[in-house]
Amino acid sequence: DGALVAEQPGTYIVTATNGKLSSTSSIVVAPRNLEREVEVVGRAPFKEFQGAEQWIIGDYAYYSTISDKFLVYDISDPAHPKLTDTIKVDARLVNDISTTADGKILVISREGASNRKNGIAFYDTSDPAHPKLISDYTATVTGGVHSAFVNDHYVYLTDDATGSMRVIDFKDVKNPKEVARWQSDNPFAGTIRSDGEEHIAGRYIHDLQVKDGLAYLAYWHDGLIILDVGAGIKGGSPEHPQFVSQLRFNHNELYGDGWLAGTHSVFRYKNYVFLGDEVFPGFFNIQSTK
């Protein structure tokens, strides 16, 4: 917008020109004072497995794990979190966990199920300390779901097998159904077989967020992709996502040779979108769930 944005502190000479008129000014930019102290109030250590993600609503924290379970904590006394339930799931990884805005329905993602039916599961949180299974959805996402985002009565999720985004409508929570699918146009994507199932290599969506009618997708080598799912920009809706824009960047230039890197997570705050990369040694197999 014509304003100076200083990337580093220091002294800058700024010149403004309007027709034949010109003026110069010296501006001193001080370092940002962003330091904050953080005090650990309470802790709930895990001994047998690793934690994955958490969702806090009201006095309860729902915690997914890199195992076959998710945990429920009463955190009304933050200094002394109390485990109220441990819920087993047929999965090797329960990565994502979240609730609807009113906290009445909990949604988890599943990967590595013994029956190869992964997908997502819905839980009733009428008793927030002890969620009860309502239903699950596996029909089009048996290959696994790594991340899911709940917005209104829709779940936007990542499909491990095809590298696509699926939209699941759970207005009738006992009978959820897929209402949309969107995927990047990646010319390098191809079909491979892994663990007896077909997967798409070269296209992989890792995380997503929906805010103000826009879906923000962390699309690994495809960078950031933004879709209209109700913002009115491209006429999109949850059932008809429409492409808005894309930000690609060269991960090899950022991290050098010998590393496997991609856009891993995305979060929008006001007018900013924060992206996080994930970087592995080159021998890591992104298609493996082991």
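It should be noted that the structure appears before, not after, this text.
First, a word on scope: everything that follows refers to the structure included in this document.

Criteria and cut-off values
Residues numbered from 1 in each chain as written. Predicted model: local features only at pLDDT ≥ 70, side-chain atom pairs only at ≥ 80, totals over all residues. Heavy atoms only, no water. Helix = DSSP H or I, 4+ residues; strand = E, 2+ residues; numbered from the N terminus. Buried < 20%, exposed > 50% of the residue type's maximum accessible area, 1.4 Å probe, protein only. Contact = heavy atoms within 4.5 Å. Lys, Arg positive; Asp, Glu negative; His and termini not counted. Charge placed at Lys NZ, Arg CZ, Asp CG, Glu CD. Phe/Tyr/Trp six-rings, centres within 6.5 Å; stacked < 30°, edge-to-face > 60°. 1 Å grid on protein atoms, 1.4 Å probe; cavity = no way out; pocket = protein on both sides within 12 Å on 5 of 7 lines; lining within 4 Å. Points joined across faces, edges and corners; volume = space filled by probe spheres on them. Nonpolar A, V, L, I, M, F, W, Y, C, P; charged D, E, K, R; others polar. Pairing = 2+ DSSP bridges. Axes fitted to C-alpha atoms, helices over the stretch in contact; angles between N-to-C directions. Core = buried A, V, L, I, M, F, W, Y, C linked by side-chain atoms within 4.5 Å. Salt bridge = Lys/Arg side-chain N within 4 Å of Asp/Glu carboxyl O. Polar contact = N/O pair within 3.5 Å; in protein donor to acceptor, adjacent residues only side chain to side chain.

### Quick word on the overall build of the chain
Line of reasoning, step 1. For the chain, the count of helices and strands is one helix and 22 strands.
Line of reasoning, step 2. Oriented by its inertia axes, the alpha-carbon framework of the chain measures out at about 75 × 50 × 40 Å.
Line of reasoning, step 3. Counting the 290 residues in the chain, one finds 41% classified as buried.
Line of reasoning, step 4. Intrachain contacts of the chain at a sequence separation of at least 6 include 39% that bridge at least 24 residues.
Line of reasoning, step 5. Taking the average location of the 27 positive side-chain charges in the chain and that of its 38 negative ones, the two points are 2 Å from each other.

### Regarding the packing of aromatic side chains
Line of reasoning, step 1. Applying the stated rule across the entire model yields eight aromatic pairs.
Line of reasoning, step 2. Taking 5.3 Å as the distance between ring centres and 45° as the angle between the ring planes, the aromatic pair formed by Phe46 and Phe49 counts as tilted.
Line of reasoning, step 3. Under the relative-accessibility criterion, Phe46 is labelled partly exposed at 23%.
Line of reasoning, step 4. Seen in terms of ring centroids, Trp182 and Phe243 are 6.4 Å apart; in terms of plane orientation they differ by 10°. Their pairing is stacked. Here Trp182, found in strand E14 (residues 177-182), pairs with Phe243, found in strand E20 (residues 242-247); they are 61 residues apart in sequence, far enough to count as distant.

### So, the environment of Val179
Line of reasoning, step 1. Within the secondary structure, Val179 is located in strand E14.
Line of reasoning, step 2. Given a relative accessible area of 23%, Val179 falls into the partly exposed group.
Line of reasoning, step 3. As for Val179 and Arg110, which are separated by 69 residues in sequence, their C-alpha atoms are 20 Å apart.
Line of reasoning, step 4. With near-sequence residues (within four places) excluded, Val179 lies in contact with Tyr154, Val167, Asp169 and Glu239.

### Some words on the layout of surface pockets
Line of reasoning, step 1. Taken as a whole, the second largest pocket encloses approximately 270 Å³ of empty space.
Line of reasoning, step 2. When the residues that make up the lining of the second largest pocket are grouped by side-chain class, the tally is nine nonpolar, one polar and one charged.

### A look at the sheet that holds strand E6 (residues 82-88)
The strands making up a sheet are joined through hydrogen bonds of the backbone, oriented either antiparallel or parallel.
Line of reasoning, step 1. Here we have four strands laid out as an open sheet, ordered E3-E4-E5-E6, and antiparallel in their pairing. Two strands lie at the open edges of the sheet, namely strand E3 (51-57) and E6, each paired on one side alone. Across the sheet, the axes of successive neighbouring strands diverge by a mean angle of 20°, strand direction being ignored.
Line of reasoning, step 2. Summarising the sheet, E3 and strand E4 (residues 60-65) pair through five bridges and their orientation is antiparallel.

### Looking at the environment of Ile75
Line of reasoning, step 1. Assignment of secondary structure puts Ile75 in the loop between strand E5 (69-74) and E6.
Line of reasoning, step 2. Separated by 29 residues in sequence, Ile75 and Phe46 place their C-alpha atoms 16 Å apart.
Line of reasoning, step 3. Leaving out residues up to four positions away in the same chain, Ile75 has contacts with Ile56, Asp59, Tyr60, Ala61 and Pro81.

### Some words on the nonpolar core
Side chains of a nonpolar character, in soluble globular proteins, are inclined to be buried together.
Line of reasoning, step 1. In this structure, Tyr156, Met165, Trp182, Leu217 and Leu227 are the most contacted members of the largest nonpolar core, which totals 16 residues.
Line of reasoning, step 2. When contributions to this core are tallied by element, the ones reaching two or more residues are strand E12 (154-159), strand E13 (164-169), E14, strand E17 (207-211), strand E18 (214-218) and strand E19 (224-228).
Line of reasoning, step 3. Once residues lying within four places of it in the same chain are set aside, the contact partners of Tyr156 are Ser147, Ala148, Phe149, Asn151, Met165, Arg166, Val167, Leu208, Val210, Val229 and Pro238.

### Re the pattern of salt bridges
Line of reasoning, step 1. Scanning the model with the defined rule gives seven salt bridges in all.
Line of reasoning, step 2. Across the salt bridge formed by Asp222 and Arg248, the nearest N and O atoms sit 3.0 Å from each other. With Asp222 in the loop between E18 and E19 and Arg248 in the loop between E20 and helix H1 (251-255), this residue pair connects regions lying 26 residues apart in the sequence.
Line of reasoning, step 3. The structure contains a network of salt bridges with shared partners spanning Asp68, Lys69 and Lys88.

### Quick look at the side chain of Thr99
Line of reasoning, step 1. With respect to the helices and strands, Thr99 occurs in strand E7 (residues 97-99).
Line of reasoning, step 2. The class for Thr99 is buried, based on a relative accessible area of 2%.
Line of reasoning, step 3. At 2.9 Å, the side chain of Thr99 forms a polar contact with the side chain of Trp55.
Line of reasoning, step 4. Excluding residues within four positions of it along the chain, Thr99 makes contact with Trp55, Ile57, Tyr62, Ile105, Leu106 and Val150.

### Section: unusual backbone geometry
Line of reasoning, step 1. The phi torsion at Arg116 lies on the positive side, around 65°, for a residue other than glycine.
Line of reasoning, step 2. Position of Arg116 relative to the elements: it lies in the loop between strand E8 (105-109) and strand E9 (120-124).
Line of reasoning, step 3. Under the relative-accessibility criterion, Arg116 is labelled partly exposed at 44%.
Line of reasoning, step 4. One non-glycine residue, Asp152, lies in positive phi territory at about 60°.
Line of reasoning, step 5. Examined against the element boundaries, Asp152 turns out to sit in the loop between strand E11 (145-151) and E12.
Line of reasoning, step 6. With a relative accessible area of 58%, Asp152 lands in the exposed category.

Structural measurements only, silent on function.
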